[in-house]
Amino acid sequence: MAAGGFALLGHFQTKARDEALSSAEAGRWVAKSQGELRDDNGAEAVRSAAHAYRTKPGEDTRSALLTALLGVPDLAGTVSLPSDPAQALLWLPDGGLGVATRGDALRTFSLPGAASKGWTAPRLAGRDGSEIRALRLVAPDRAVAALSDGSLVAFVPDGRMTELSKGNDGVVWSAAIGPGARRILRAEGEGAFLVSCGEAGAPCTPSRVAEEQPCSVALDETGRLAAIGGQDGRVTIFDAAGVQQGESIAFASPVTALAFGEGRLAVGIASGKTAIVDLASRAVVLRSTASNRPVGVLAFRPGRKGQAELAVTCGENAACLVRLVAGEDGPAFGQSIRLPGHKGAPTTLSWSADGAVLAVAYADGIIRAWRPGAIDVVGTRLRPEDASRIARIALSA
């Protein structure tokens, strides 16, 4: 690529990160690069995405073209697990990443893969077949895990572990831990249970809040609201006392994932769609198009006041980042940015506390950590006519 081409492409990508370009502006900036997109890797990604769009125009290929234009978020590091894939992730105060696998309480890493110095991994001795359903850091020196046998354990940096509550005969499919582990919400075969715990050492008291077959659960960051998603496609919201708040919200498929955000609830369903519920009105204000597999995990990015940004498992081997933007008829999903995996579907994901890094675990044992600065512009959308023009320019260069 000529020196001017590097400058133009770099200038476009910098400008794109600094402000949400309209599709027309994006087309003008790419047009300036005509004839100068040669051997640069970024330009090759644009050409490849342009070819895919010209071959099969559609929402997915248009999204891939925009992602190539804006640049993929930086890869902060990769961890490769020797055995089972990660089932839950936990960011530690020293910057390390806690990784829970089947039959293992926790392994700790610091990016890009060395052992985290601050914590020793505890073990689930004697808990045959136990799996971690949820992890939460409740103090700088204390973390809590909810297990598939219904028990709740706490552990500290030196690896010592204490049991906060015993398990039961049921199998827990999904769990959420509130602030300080004062409330735990779990979904199991006999219904959904809200568990209230007192001070350290005090017994925890479970109470059934739903008798239907629950698939997924979530607690908000205050611990005052709980959401339960059912096999029947209904989402029900409860307060901290287990009292239902308003009517249930119905979807056409089982609810596979839930996440609270600022005034919102994100809902992932088995059809592959993601929906956004406004908590004030309890109305579904937004629905995405379906992906090719159920939504397994989703999480709002922390620290983004007024700018709702969501990470969601999507497709066979990728996670997606998407921003909620103001559309002509209300909220809208901005263009998504894909974070490619390896050879497996994403199993779980977790934001660091400051929202700077997103860790995504995949079924092949790979964990990738991303610094997604480019998500600041995922509100940009390419109209089909602009995407066609950009693709023509890129392929003729």
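All of the points below concern the structure found in this document.

1. Re the overall build of the chain
Consideration 1: Along the chain, the regular secondary structure elements total five helices and 28 strands.
Consideration 2: Contacts in the chain between residues far apart in sequence, at least 24 positions, make up 48% of those at least 6 positions apart.
Consideration 3: Surface summary for the chain: the accessible area is close to 17,300 Å², and the carbon and sulfur share equals 49%.

2. Structural notes on the pattern of salt bridges
Consideration 1: A complete count under the given rule lists five salt bridges for this structure.
Consideration 2: A salt bridge links Arg133 to Glu131, with the nearest nitrogen and oxygen atoms 2.9 Å apart.
Consideration 3: For Glu131, a relative accessible area of 12% corresponds to the buried category.
Consideration 4: Between Glu188 and Arg186 there is a salt bridge whose closest N-O contact spans 2.9 Å.
Consideration 5: Glu188 gets classed as buried once you look at its relative accessible area, which sits at 4%.

3. Remarks on unusual backbone geometry
Consideration 1: The phi torsion at Ala181 lies on the positive side, around 55°, for a residue other than glycine.
Consideration 2: With respect to the secondary-structure elements, Ala181 resides in the loop between strand S9 (172–177) and strand S10 (183–188).
Consideration 3: Notably, Arg282 is not glycine yet its phi reads approximately 60°, a positive angle.

4. So, the sheet that holds strand S5 (residues 132–139)
Consideration 1: Strand order in the open sheet formed by four strands is S5-S6-S7-S8, with antiparallel pairing between adjacent strands. Here the strands that pair on one side only, and so sit at the sheet edges, are S5 and strand S8 (161–165). Pairs of neighbouring strands in the sheet enclose a mean axial angle of 25°, with direction left out of account.
Consideration 2: With six bridges joining them, S5 and strand S6 (residues 142–147) adopt antiparallel strand pairing. The residue bridging Leu135 from the neighbouring strand is Ala145, located in S6.

5. Concerning the pairing of strand S27 (residues 358–362)
Consideration 1: Taken across its five residues, S27 has five buried, putting it largely inside the fold.
Consideration 2: Going residue by residue along S27, you find Leu358, Val360 and Tyr362 tucked away on one face and Ala359 and Ala361 tucked away on the opposite face as well.
Consideration 3: Sheet topology places strand S26 (residues 346–351) next to S27; five bridges connect them, and they run antiparallel. Looking at S27, one finds that Pro346 is bridged to Tyr362.
Consideration 4: Connecting S26 to the antiparallel partner S27 that follows it, the hairpin turn spans six residues, and Gly355 within it adopts a positive phi of roughly 75°.
Consideration 5: Bridge count between S27 and strand S28 (residues 366–371): four bridges; the pairing is antiparallel. Bridge pairing links Ala361 to Ile367 in S28.

Scoring rules and cut-offs
- Within every chain, residues take consecutive numbers counted from 1 along the sequence as written.
- Local features in this predicted model are restricted to residues whose pLDDT is 70 or higher, and side-chain atom pairs enter the listing and the counts only when it is 80 or higher, whereas totals over whole chains, interfaces and linings include all residues.
- Excluded from the side-chain calculations are hydrogens and water; all other atoms, namely the structure's heavy atoms, are used.
- Under the DSSP-based scheme used, a helix requires at least four consecutive residues in state H or I and a strand at least two consecutive residues in state E, with every element numbered from the N terminus.
- In what follows, residue pairs with any heavy atoms lying within 4.5 Å of each other are defined as contacts.
- Note on areas: these come from Shrake-Rupley sampling with a 1.4 Å probe, and a residue is covered only by the protein chains present in the view.
- Salt bridge, as used here, is a side-chain nitrogen of Lys or Arg placed within 4 Å of a carboxyl oxygen of Asp or Glu.
- Buried means the residue's accessible area, taken with a 1.4 Å probe over protein chains only, is under 20% of the maximum for its type, while exposed means over 50%, and partly exposed covers the values in between.
- Note on pairing: two strands pair once DSSP finds at least 2 bridges between them.
- Angular values range over 0 to 180 degrees, each being the angle between N-to-C directions of two axes fitted as lines to C-alpha atoms, with helices fitted over their stretch in contact.

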